[in-house]
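What follows is the residue order along each chain.
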Amino acid sequence: MELDKAYNHETVEDRIYKMWMDSGYFNPDKLPEADKREPFTISLPPPNVTGVLHMGHAFEDTIQDTVIRYQRMKGKRALWVPGTDHAAIATQAKFEKEHYKKQGKSRHDYSRQDFFEMIQEFALANQKGILSQLHKLGLSLDWSRLAFTLDKDRELAVRTAFKQMYEAGLIYRAHRVVNWDVKGQTTVSDDEIEYEETKTKLYTFRYSQDFPIPISTTRPETKVGDTAVAVHPEDSRYQKFIGREFDLEFCNVPLHIKVIADKEVDPAFGTGALGVTPAHSMIDYEIALRHNLPLKPVINEFGKMTVGGALLEGKKTAEARLAVAGWLKNNNLLEKEEDTTQNLSRAQRTGGVIEPLPKLQWFINVNSKFEIRNSKLKSIKDGEKITLKDVMKRVVQNGQIKIMPERFEKIYFHWIDNLRDWCISRQIIYGHQIPVWYKNAGEATGNRQQEIYCDTNPPKGEGWQQDTDTLDTWFSSGLWTFSTLGWPPSAKASEGKLNDLQIYHPTSVMMPGYEILFFWVARMILMSGFLLGDIPFRQVYLHGIVRDKQGRKFSKSLNNGIDPLEMTGKYGTDALRFALVFGAAPGNDVIFDEQKVKGMKHFGNKLWNISRFVLTNLENSKFEIRNSKLEAKGITDADKDILAKLGAAITNVTKNLDNFQLHEAAQEIYQFVWREFADVYLEASKEQMKDKVLAENTKKLLLHILINSIKLLHPFMPFITEELWQKLHEAKLLSKDSILMVSDWPKEHK
RNA sequence: GGGCAAUUAGCUCAAUGGUAGAGCGACUCGUUUACACCGAGUAGGCCGUAGGUCCGAUUCCUACAUUGCCCACCA
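What you see is a predicted model, and the numbers here were worked out from it, not measured in a lab.

1. A look at the overall build of chain A
When you go through chain A residue by residue, the secondary structure sums to 21 helices and 27 strands. Here the C-alpha coordinates of chain A stretch approximately 110 × 60 × 55 Å along the principal axes. Counting only residues that meet the buried cut, chain A has 56% of its 750 residues in that class. Looking at chain A alone, contacts between residues at least 24 apart form 76% of all its contacts between residues at least 6 apart. As displayed, chain A has an accessible area near 33300 Å², and 48% of this comes from carbon and sulfur atoms. Charged side chains in chain A number 101 positive and 100 negative. The centres of these two groups are separated by 2 Å.

As structure tokens, this is what we get:
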């Protein structure tokens with residue numbers, strides 16, 4: 001049998017992937033003696049259904065596939081669950097844009113139901129695209145368990161979760177100041193906000209000539225909504241005014257201002273007095289809560305003023321700001337106008353300005369205690385009363401969940417300490433509709449009591465209307481590790497037999513990018529802690545971001561994206577995979593370099609030619625495998641040396657893979673194959689095979705080293721190694737393990 | 001304002017309490033049947049700066065500088 005002179009990935013990859021698929025072994029339940037194997041589970045961070053595979057996915061998925069392939073070879077019941085995310089806002093926005101282009105119609109031209117179904121259809125049609133791209137990367141995902149965050153099973157999970165949290169009092173509905181995305185016309189959570197430094201003016205002025213205290217602000221237009229002026233309790237300048245109340249007119253709007261003392265106020269900033277606008281500032285809202293101040297909304301959902309008559313009403317905030325400044329000048333109230341910088345809040349998804357507004361929304365309470373049930377959490381007893389914050393904190397503190405690199409644990413704790421209640425309702429259509437129904441919904445109808453019903457199914461009877469809001473996409477994502485494994489278990493679950501949830505959960509390791517530590521990792525811990533009394537995963541491996549040669553993130557606006565499939569087409573999937581893993585330490589960003597991919601293609605070819613050499617020599621001499629034991633006589637120093645080096649390579653690759661140090665494992669195997677096996681031993685073997693006494697051992701060793709190299713390399717470069725494995729079988733140099741993917745991991749030498 | 005990290009060869013990055021490594025690139029030589037997607041070799045680093053601990057520091061500690069990131073939002 002002859003191998004081609006060079007490895008040609010194009011003729012190999014699809015054929016090998018099909019062979020793996022046909023084997024059924026991506027589903028760990030199909031592995032020989034599956035019941036006796038120890039489970040090892042990874043949940044794939046689900047890519048956006050409508051997204052396109054980018055280098056970040058390729059990196060993230062390669063790391064996971066490497067780990068899962070390694071564990072499978074180690075004999076584990078290795079499950080890697082695939083899925084896609086409905087990415088509520090992102091998907092709806094994308095659909096609306098495309099639909100408007102094509103049809104000229106917007107969401108207002110359709111009923112809610114129709115509009116939802118159109119987006120769902122769009123999403124599922126797009127899903128095929130991303131799934132086929134995942135296949136191309138050679139990922140050993142169990143496609144029989146494919147899930148979607150917005151399908152029937154996940155809907156049941158979401159509704160069940162909502163109901164349980166609602167009944168425990170952890171989900172509540174309240175009128176609160178929330179982050180309103182003016183462009184997206186929806187609320188967003190604190191974590192979905194980005195800050196952009198902008199130049200602006202700091203105005204110092206008085207509301208009116210009679211008002212004794214000047215205040216400073218960058219947003220004078222909001223001051224028509226002020227209900228107090230706050231000063232520091234120990235500020236001697238303002239002592240005499242504390243507690244006094246003033247009625248005055250500001251920009252033709254009557255104001256009732258109370259002077260209050262609050263320690264949050266910095267006496268050194270501006271005039272040391274802060275105009276409190278409870279309805280349009282998070283900070284002011286909190287001050288208002290402490291002092292029982294009234295809320296006075298003056299800006300609406302479209303970012304326009306709702307008071308102020310001809311001067312302000314109907315104007316956008318930016319316009320209104322200038323109008324107020326002009327009014328202040330005209331009335332001789334402006335004392336100072338200075339340049340300053342300010343962090344402007346924008347919605348991460350839409351880029352729209354965030355306007356804090358008081359709205360009736362749903363929240364998850366992270367600070368009130370609930371009784372934990374069926375606790376499997378270390379150091380948290382069954383029935384103990386604990387807050388969600390504490391659950392999230394404790395499981396990491398006590399080491400039940402390990403986050404690596406470890407430095408992210410500090411970042412995680414810090415985030416929890418600053419965490420406020422999570423606003424989970426969104427004013428968009430695409431997503432999980434809130435499973436709450438109202439009767440007599442008109443709140444303004446006075447004496448008729450509103451009825452509320454929360455369950456997984458609609459209530460019976462007439463007159464019930466479901467809440468029109470949908471849930472934050474991270475709510476369903478938070479359930480991902482267990483909603484994909486049969487949670488909630490059906491009542492009819494077969495008795496005596498373990499279900500997926502019992503076998504595969506908690507999952508073994510979660511491997512997302514560090515940028516979604518808060519969004520996702522923390523939310524999974526929260527959800528799993530409350531709903532299962534358990535952790536969602538034992539280990540979190542946070543990987544870095546893939547960047548371009550200038551160190552910039554890949555982004556659409558920069559148009560610097562590199563299609564991973566273009567790279568795999570050019571150099572082969574194995575080459576891309578190895579290049580991504582090579583030198584990528586946990587948590588560190590990776591600079592993508594095409595030259596590196598090319599280099600790794602060369603490495604693959606090196607292995608190919610080593611195999612070609614071994615195959616030709618062993619076949620031509622009618623070599624037979626009787627046993628792998630070496631003859632006692634005629635063992636050379638070169639033989640001993642390569643065996644020792646192989647032993648070290650096995651030990652180090654194994655150790656590093658166990659510790660998720662993939663970059664080191666990759667480096668180790670690269671060095672061994674090229675520098676030790678090819679450069680040294682293979683050259684020595686040429687001479688040794690000319691000697692009749694030495695030839696037998698040499699050939700045995702060549703084969704032994706080759707087989708082990710192929711195995712060690714398989715998790716990283718699955719295609720070429722599997723192809724070579726098949727060639728060894730064809731040449732009758734192997735007698736067992738017809739598929740490398742499920743063969744045994746090399747044993748460490750003693 | 002608070003915190004985290006990085007600083008090592010021309011570039012991208014590892015490792016490490018005891019003479020510094022890889023990939024890519026550069027240079028020289030070499031086409032003898034595994035591979036030119038190659039081989040043999042060479043050059044290239046006071047391991048950011050200054051202190052400290054230690055027999056010994058690139059590694060541990062402190063300060064500083066520069067860069068990047070996260071959080072807070074001084075209104």
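Additional details are given in the paragraphs that follow.
2. Brief notes about the pattern of salt bridges
Counted according to the given criterion, the structure contains 47 salt bridges. For Lys163, the salt bridge identified is with Glu167, shortest N-O distance 3.9 Å. You can see Lys163 and its partner Glu167 sitting in helix H5 (residues 152-167), four residues apart, about one turn around the helix. Relative accessible area serves as the criterion here: at 23%, Lys163 is assigned to the partly exposed category. Note that Glu687 and Lys690 form a salt bridge whose closest N and O atoms lie 3.1 Å from each other. The burial state of Glu687 is the same as that of Lys690; both residues are exposed.

3. Thoughts on the protein's contact with RNA strand B
Not every one of the 44 residues close to RNA strand B is listed here, only the nearest: Phe269, Asn343, Asn588, Asn609 and Trp674. At the protein interface, 63% of the atoms of RNA strand B within 4 Å belong to sugar or phosphate. The contact in question runs from a sugar or linking oxygen of RNA strand B to an N or O atom on the side chain of Gln671, over 3.5 Å. The contact in question runs from a base nitrogen of RNA strand B to an N or O atom on the side chain of Lys686, over 3.4 Å. The set of elements that each furnish at least two residues to the surface near RNA strand B consists of strand S8 (215-217), strand S13 (334-347), helix H10 (407-417), helix H17 (594-620) and helix H19 (662-688). Per element, the largest residue contribution to the surface near RNA strand B is 12 residues, and it comes from H19. Counted by class, the surface near RNA strand B contains 16 nonpolar, 16 polar and 12 charged residues.

4. What about the packing of aromatic side chains?
Evaluation of the coordinates by the stated rule reveals 37 aromatic pairs. Ring plane angle 5° and centroid distance 5.1 Å describe the contact between Trp415 and Phe518, whose orientation is recorded as stacked. Taken together, the residues Trp415 in helix H10 and Phe518 in helix H14 (residues 517-532) connect sequence positions 103 residues apart. Of the residues examined, Trp415 reaches a relative accessible area of 10% and is grouped as buried. When its relative accessible area of 24% is taken as the criterion, Phe518 is described as partly exposed. With a centroid separation of 6.1 Å and 20° between ring planes, the pair formed by Phe603 and Trp674 is classed as stacked. With a gap of 71 residues between them, Phe603 in helix H17 and Trp674 in helix H19 connect regions that are remote in the sequence. Under the relative-accessibility criterion, Phe603 is labelled buried at 0%. Among the aromatic residues, ring-to-ring pairing joins Phe205, Tyr207, Phe211, Phe246, Phe250 and Trp327 into one connected group.

About the criteria used
Residues numbered from 1 in each chain as written. Chains lettered and ligands numbered in written order. Predicted model: local features only at pLDDT ≥ 70, side-chain atom pairs only at ≥ 80, totals over all residues. Heavy atoms only, no water. Helix = DSSP H or I, 4+ residues; strand = E, 2+ residues; numbered from the N terminus. Buried < 20%, exposed > 50% of the residue type's maximum accessible area, 1.4 Å probe, protein only. Contact = heavy atoms within 4.5 Å. Areas by Shrake-Rupley, 256 points an atom, 1.4 Å probe, with all protein chains shown as cover. Lys, Arg positive; Asp, Glu negative; His and termini not counted. Charge placed at Lys NZ, Arg CZ, Asp CG, Glu CD. Salt bridge = Lys/Arg side-chain N within 4 Å of Asp/Glu carboxyl O. Near = heavy atom within 4 Å. Polar contact = N/O pair within 3.5 Å; in protein donor to acceptor, adjacent residues only side chain to side chain. Nonpolar A, V, L, I, M, F, W, Y, C, P; charged D, E, K, R; others polar. Phe/Tyr/Trp six-rings, centres within 6.5 Å; stacked < 30°, edge-to-face > 60°.

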